[in-house]
Structure formats: structure tokens, C-alpha cells
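Observations on the model geometry
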Amino acid sequence: MTVVNRFLKYVSFDTQSNETADVTPSTEKQRYLAKALKEEAEAMGLTEISLDEHAFVMATLPTNTDEKLPTIGFISHLDTSPDLSGANVKPRIVEKYDGKDILLNAEENIVLSPTMFPELLCHVGEDIIVTDGTTLLGGDDKAGIAEIMTAIQYLIDHPEIKHGKIRIAFTPDEEIGVGVLKFDVEKFGCEWAYTMDGGEVGELEYENFNAASAKIKIKGLNVHPGYAKNKMRNASLIALQFAQMLPAAERPEHTEAYEGFFHLTGMIGTVEEAELSYIIRDHDSNKLEQRLKYLQETADYMNKAYPNDTVSLTTKRQYRNMREIVEPQKHIIELAENAMKSLGIKPLVRPIRGGTDGAQLSFRGLPCPNLFCGPLNLHGRYEYVSVQTMEKAVQVIVQICQNVRSV
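Below or above, wherever it landed, is the structure these notes cover. (Residues numbered from 1 in each chain as written. Predicted model: local features only at pLDDT ≥ 70, side-chain atom pairs only at ≥ 80, totals over all residues. Heavy atoms only, no water.)

Things to note about the packing of helix 1 (residues 3-10) against helix 2 (residues 30-44)
Two packed helices can be described by the angle between their axes and the distance between those axes. Two elements in contact, helix 1 and helix 2, have axes whose closest approach is 12 Å; the angle formed by their N-to-C orientations is 150°. When the interaxial angle is binned, helix 1 and helix 2 end up roughly antiparallel. For the pair helix 1 and helix 2, the contacting residues are Arg6, Lys9 and Tyr10 in the first and Leu33, Leu37, Glu40 and Met44 in the second. Among the residues making up the contact of helix 1 with helix 2, the classes are represented as 4 nonpolar, no polar and 3 charged. (Axes fitted to C-alpha atoms, helices over the stretch in contact; angles between N-to-C directions. Helix = DSSP H or I, 4+ residues; strand = E, 2+ residues; numbered from the N terminus. Parallel < 35°, antiparallel > 145°, perpendicular 65-115°, else oblique. Contact = heavy atoms within 4.5 Å. Nonpolar A, V, L, I, M, F, W, Y, C, P; charged D, E, K, R; others polar.)

Some details on the environment of aspartate 184
Looking at the secondary structure, you find aspartate 184 in the loop between strand 8 (166-171) and helix 4 (185-188). On the basis of relative accessibility, which here comes to 37%, the residue aspartate 184 falls in the partly exposed class. Taking the C-alpha atoms as reference points, aspartate 184 and leucine 361, separated by 177 residues in sequence, lie 9.7 Å from one another. Separated by 3.3 Å, the side chain of aspartate 184 and the backbone nitrogen of glutamate 186 make a polar contact. In this structure the side chain of aspartate 184 is engaged in a polar contact, spanning 2.9 Å, whose partner is the backbone nitrogen of lysine 187. (Buried < 20%, exposed > 50% of the residue type's maximum accessible area, 1.4 Å probe, protein only. Polar contact = N/O pair within 3.5 Å; in protein donor to acceptor, adjacent residues only side chain to side chain.)

Section: the pattern of salt bridges
One pass over the full model with this rule turns up 14 salt bridges. Put simply, aspartate 14 and lysine 29 hold a salt bridge, and the shortest N to O gap is 2.9 Å. With aspartate 14 in the loop between helix 1 and helix 2 and lysine 29 in the loop between helix 1 and helix 2, this residue pair connects regions lying 15 residues apart in the sequence. One network of salt bridges, in which partners are shared, links Glu207, Arg323 and Glu327. (Salt bridge = Lys/Arg side-chain N within 4 Å of Asp/Glu carboxyl O.)

Points about the nonpolar core
Membership of the largest hydrophobic core comes to 65 residues, with the highest contact counts inside it found for Phe7, Phe74, Phe170, Tyr194, Leu371 and Ile400. Counting residues in hydrophobic clusters, the runner-up holds 22 residues, among them Ala212, Ala235, Leu288 and Val311. (Core = buried A, V, L, I, M, F, W, Y, C linked by side-chain atoms within 4.5 Å.)

Overview of the packing of aromatic side chains
Applying the stated criterion to the full structure yields 6 aromatic pairs. Aromatic pair phenylalanine 56 and phenylalanine 183: ring centres 5.8 Å apart, planes at 75°, arrangement edge-to-face. Taken together, the residues span a long stretch of sequence, with phenylalanine 56 in the loop between strand 1 (47-51) and strand 2 (57-61) and phenylalanine 183 in the loop between strand 8 and helix 4 at a distance of 127 residues. Phenylalanine 183 sits in the buried class, given a relative accessible area of 1%. When the ring of phenylalanine 262 is compared with that of tyrosine 294, the centres are 6.3 Å apart and the planes differ by 45°; the resulting orientation is tilted. Of this pair, phenylalanine 262 sits in strand 12 (residues 261-269) while tyrosine 294 sits in helix 6 (residues 285-305); the two residues are 32 residues apart in sequence, bridging distant segments of the chain. (Phe/Tyr/Trp six-rings, centres within 6.5 Å; stacked < 30°, edge-to-face > 60°.)

Focus on the pairing of strand 1
Where strand 1 and strand 2 come together, 3 bridges link them in antiparallel fashion. When the bridges of strand 2 are listed, leucine 51 appears paired with valine 57. (Pairing = 2+ DSSP bridges.)

Re the sheet that holds strand 13 (residues 273-282)
Across the sheet, 4 strands lie side by side as 12-13-11-14; this open sheet has antiparallel pairing. Among the strands making up the open sheet, the edge pair consists of strand 12 and strand 14 (311-319). Taken pair by pair, the neighbouring strands of this sheet meet at an average axis angle of 15°, ignoring direction. Both strand 12 and strand 13 contribute to a ladder of 8 bridges, which runs antiparallel. Of the residues in strand 13, the one forming a bridge with glycine 266 is serine 277. Across the sheet, helix 5 (residues 235-245) touches strand 11 (210-219), strand 12, strand 13 and strand 14, and the angle it forms with strand 13 is around 20°.

Written out as C-alpha cells, the structure is:
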């Protein structure tokens, strides 16, 4: 089965996660793909296959050499983003893309255009898989799953390629940041691993945001508007005031590279009460702490302007930058870089402007940088993936396995 055939099969599973759930997996439908992958691993003849109660799938391709080599792993996630439906995905392959607009949906006039997404032009002449514009595609991260399974099958079919023990895992709930909290690192049993969850060809990432979330709750005072003078405190307006006190230039839409941000992700409110939800990100841990301090200072200021306890702030650390764990073990990065270079792929080493399962796993004893798997315009109706990029990702996995040496 080709990487494309696998990918088209996997995106037929609706695996959207649910950020309001308090169980793992957050949606039962993730289990269906997990079960299918377990059965596929069994059919391939892999060993140490497991599917646990939290929908984690693990399997092993045994070593085929007497040389004592490190055990390494490859990981991708089952779920798709809560941001847009992953049900009834209708993928379509645009063969030999010509650089022009792609009409995704004539009825709703949804167009994937290089005018809006100029990176499309990097894939002229390639075969591009797109949606019908009504759902996301699910390349994040079913492209990664397809690439891992295809690479493992290639190694099975080519026993002349000598390699050590290789572990694979597929995890739930990456998109809501909680899946690998229940990942059994000891059971996985690797010295290091790679998540296949990046975008453009050549991406190699071992830096990610330090992350926190914040809830700002505001107590208002509601009285009849006809008699409200000097009495009413409109919680919704106070919430707007709070939001406006944060630096406008430090929102996601105005930042790039190593620039952090305050991102307002939700707002609800009445006159009586209101609530703001934020995520706060920065690659520099000290700068993240400064951002959290700024939020607290803003809340304190507003509690001086209004009756005390009008504004309450709750913050929560979410994950840390894995650079401090991975960078000292440079051989992990060099192995991936050399694999890409041997295939004529230029490594693009740059920070992730987001999180990754690899960040949490790195701090739990499994160094885990992130490699490209192809999908772009993630979490939305304009998501697409190049067939040729997926094929190159398969080749990189095979090359890494072939190149592993004792360290």
C-alpha cells in the first residue's frame, strides 16, 4: 500500500478531539482509527503490539542485525483539531498542480489560491491533496501516521537494509495538549524518538513555545439601566478594557519567528459577569514569566480602579521548550539532518510556533524532536498536503533507521 493510499484511508476516520472533555481519549471515535492501526500492524507482522484503554497504539519492528544499536521511535497523533469538522472528509488529488487557483467548492465559492497562500507555488508540478472546502483534511497528523506505516513496511520488504529495534506509537489528543500525559515512556522503551508532525519539506524542529493559559473572570454589578448612574459596573465592558490594556502588537497576527504573544481565545459576558480566555506563548521562559507578571499587574491595576476582587486571574503552565533537553544531545538532530542531506533535502531548522507532543515527552525522559510530514494550512478548510512531500518523509524515516549507530 502506498503512502497516498494509506493517507486516504486514514482521513476517512473522524478523529476530532474535544477540548472540554476530561477523559483520554477525549472522543471515543479516536479509538476506531487506533483499532484499525493495531490490526494493520498485526497484518504487517510487527511485534510487541498494544492498544491500551487510552487509545495509545504501540508496535515494534525488531532489529535485523547483530550489531548493538539504540532503540529509536517514531510517533504521530490520531486526533484532528477541534477547530473544524473532521467528519466526512472528501479528499481530492490535484495532479501536477499548475500554480493557479484551485476551486475547492463551487457551490460555496471556496478557492485555495496562491494569492492568499503563496507557499502553494513551492509545489508547482506536484500532486496536491485538498479538501472540498467543508472540512479540514486531517493531514495533521494522518500524513505522519501514513508515512510511519509506509516506511516500516518498506523496511520489512527490504531486509537488506540493516537497522536496530524500531518502535512506533500513535497517540490521542495531541491537538488539545493532553494526550501524552498518559503516554508510557518506560513501556515505549526508546533512547530517543521523532514526532512526524511538522509541515513543509525539510522542517526539523527541536524548539517550541513555553506555554501557559489564563482565565480572567470579572464580577459586574447589574441594576436597571434607567437608574444605573454611578451604580452599574458592566462586566463585559470591563473585560474589553482588560483586553485593550494588553499590547496590541503582541497578538499572534502581528508576530513571527521567536516573537511571543498574548492570544485571546474566548470571550463570554453579560453585565453581571464576564470571562476572557488567553493562551500565552514565548520561546524564552523568562519572557513567558514576564508576560504572566504583566497579566497579574493588569488585574491588580483594574482592582484598584474598580472595587477589589472585580477582576480575578488564574494562570496555568502548559508545556516547556524542549530545546534544553534535546540540544545537549546533538547526535539526535545530526542524525535527522544527515538523513535529509543524503536525500537531497535541505534541513530547515527553525522553532515551532506552537506545541508538540515531543515537548512533553522530552521532559519525561524521551528526547523527541519534530520532523516534517507535509500538511500546510492546518486546522482549516484550506489544508492541503503534497504527495511528493509525504514520499520524501517516508524516505527520511527509512534513512534515519538505516543510519542509526551506537552513541
